[in-house]
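Observations on the model geometry
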Amino acid sequence: MHVFVTGGTGTIGSAVVAELLAHGHTVLALARSDKSAQALTDAGAQVLRGQLADLDVLRAGAAQSDGVISLAFGSDYSTDEALARSIAEEGAALAVLGEELLGSDRPIVTVSGTPWVPGRPSTEADPAPTDGPVGGRGRSVNALLDLASRGVRATAVRMPRTVHNQGKGGFAGLLTDQARRTGVAGYPGDGTQRWPAVHALDAAVVFRLALESAPAGTTWHAVADEGDAVRDIATVIGRQLGLPVEQVPQENFGPFGPIFAMDQPASSAHTRQALGWRPTHPSLLEDLANIQP
């Protein structure tokens, strides 16, 4: 397939681009900067210049593709307002990409997050949250999946809270960044809450498999580690950076504070069985040993 990819230089996106190219697909990737364009070209992808907010550019990319993988998301999570803007921008982009594919039976794979379910790991059958800090994202993904009835092979790959590679990325990466800034490897709550995780190179395989074969309207979980205790994550970060490990108020983590404090394990049993996916790369706690002081 000739695949249009947005967000192709991020932690997940760069792995997805490499995975697609390694399995015989060609890639047209959105690039908003010269640096991103060069990275994509070096990886072997074709480049379409523009930003996620450039809806006409997105239409053009989707129009000339056999399928779409939508990964782009804003990078400013500093305030509730900034996060809301990024969610709205992503929603508008998904709507335009889905509209371009109507009636074509071409695939579009979007990224989402694993939901929180009280008392047990979430599964692929659980609905995405449509309220709370990231509820708008759930609504946008649900609208895209609804296009399955209108000739779009729309699917969603739900990512755990930490997608990592070489000790970087995801919520664990945000904890590391915060530790470097404050001098404390901090965690919210009592630290027993669990976060699921996956190595970016393993996650990329799920996106490729969904693109190639997943039925319309389906949801998948790219989860390798069902749930690591946040205190254990902070302990490894503290050890690698030579910093004390302490409980800190969840307010220290801005709009992500309430999410960070949740116990939110997730299962990928159905994804493994149905798609034949087998994670092979290091776990989160193993990978965090790559953090450099």
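Residues numbered from 1 in each chain as written. Predicted model: local features only at pLDDT ≥ 70, side-chain atom pairs only at ≥ 80, totals over all residues. Heavy atoms only, no water.

In the nomenclature of an unreviewed UniProt entry, the protein chain corresponds to SDR family oxidoreductase from the organism Nonomuraea composti.

Considerations on the overall build of the protein chain
Counting its secondary structure elements, the protein chain contains eleven helices and twelve strands. For 293 residues, the compact-globule formula gives about 19 Å, and the C-alpha radius of gyration of the protein chain, at 18 Å, lands near that figure. For the protein chain, the spread of C-alpha atoms along the three principal axes comes to 55 × 40 × 40 Å. When each of the 293 residues of the protein chain is scored for burial, the buried share is 53%. A fraction of 79% describes how many contacts in the protein chain between residues 6 or more apart in sequence connect residues 24 or more apart. As displayed, the protein chain has an accessible area near 12200 Å², and 50% of this comes from carbon and sulfur atoms. Taken as two groups, the 22 positive and 31 negative side-chain charges of the protein chain have centres that lie 1 Å from each other. (Helix = DSSP H or I, 4+ residues; strand = E, 2+ residues; numbered from the N terminus. Rg over C-alpha atoms; globule rule 2.2 N^0.38 Å. Buried < 20%, exposed > 50% of the residue type's maximum accessible area, 1.4 Å probe, protein only. Contact = heavy atoms within 4.5 Å. Areas by Shrake-Rupley, 256 points an atom, 1.4 Å probe, with all protein chains shown as cover. Lys, Arg positive; Asp, Glu negative; His and termini not counted. Charge placed at Lys NZ, Arg CZ, Asp CG, Glu CD.)

Concerning the nonpolar core
If you look at the biggest cluster of nonpolar residues, it comprises 35 residues, and the most contacted ones within it are I69, M159 and F207. Looking at this core, the elements that each hand over two or more residues are β1 (2–6), α1 (11–22), β2 (26–31), α2 (34–43), β5 (107–113), β6 (153–159) and α7 (200–213). Leave out the neighbours within four places in its chain, and I69 touches V3, F4, V5, T6, V16, L20, V109, F207 and L211. If you look at the next biggest cluster of nonpolar residues, it comprises 25 residues, including V248, F253, L284 and L288. (Core = buried A, V, L, I, M, F, W, Y, C linked by side-chain atoms within 4.5 Å.)

What about the packing of helix α4 (residues 80–100) against helix α5 (residues 135–145)?
One can describe the packing of α4 onto α5 by two numbers: an axis separation of 9 Å at closest approach and a directional angle of 5°. One way to sum up the angle between α4 and α5 is to call them roughly parallel. Along its contact with α4, which presents I87, E90, G91, L94 and G98, the element α5 presents G136, R137, S140 and L144. (Axes fitted to C-alpha atoms, helices over the stretch in contact; angles between N-to-C directions. Parallel < 35°, antiparallel > 145°, perpendicular 65-115°, else oblique.)

Examining the sheet that holds strand β7 (residues 162–164)
Whenever strands of a sheet pair, they do so through backbone hydrogen bonds, lying parallel or antiparallel. In spatial order, the strands read β7-β9-β11; together these three strands make up an open sheet with mixed pairing. Single-partner strands in this sheet number two, and they are β7 and β11 (225–229). Pairwise comparison of adjacent strand axes, ignoring direction, gives a mean angle of 40° for this sheet. Contacts from α7 reach β7 and β9 (194–199), with the element oriented near 75° to β9. (Pairing = 2+ DSSP bridges.)

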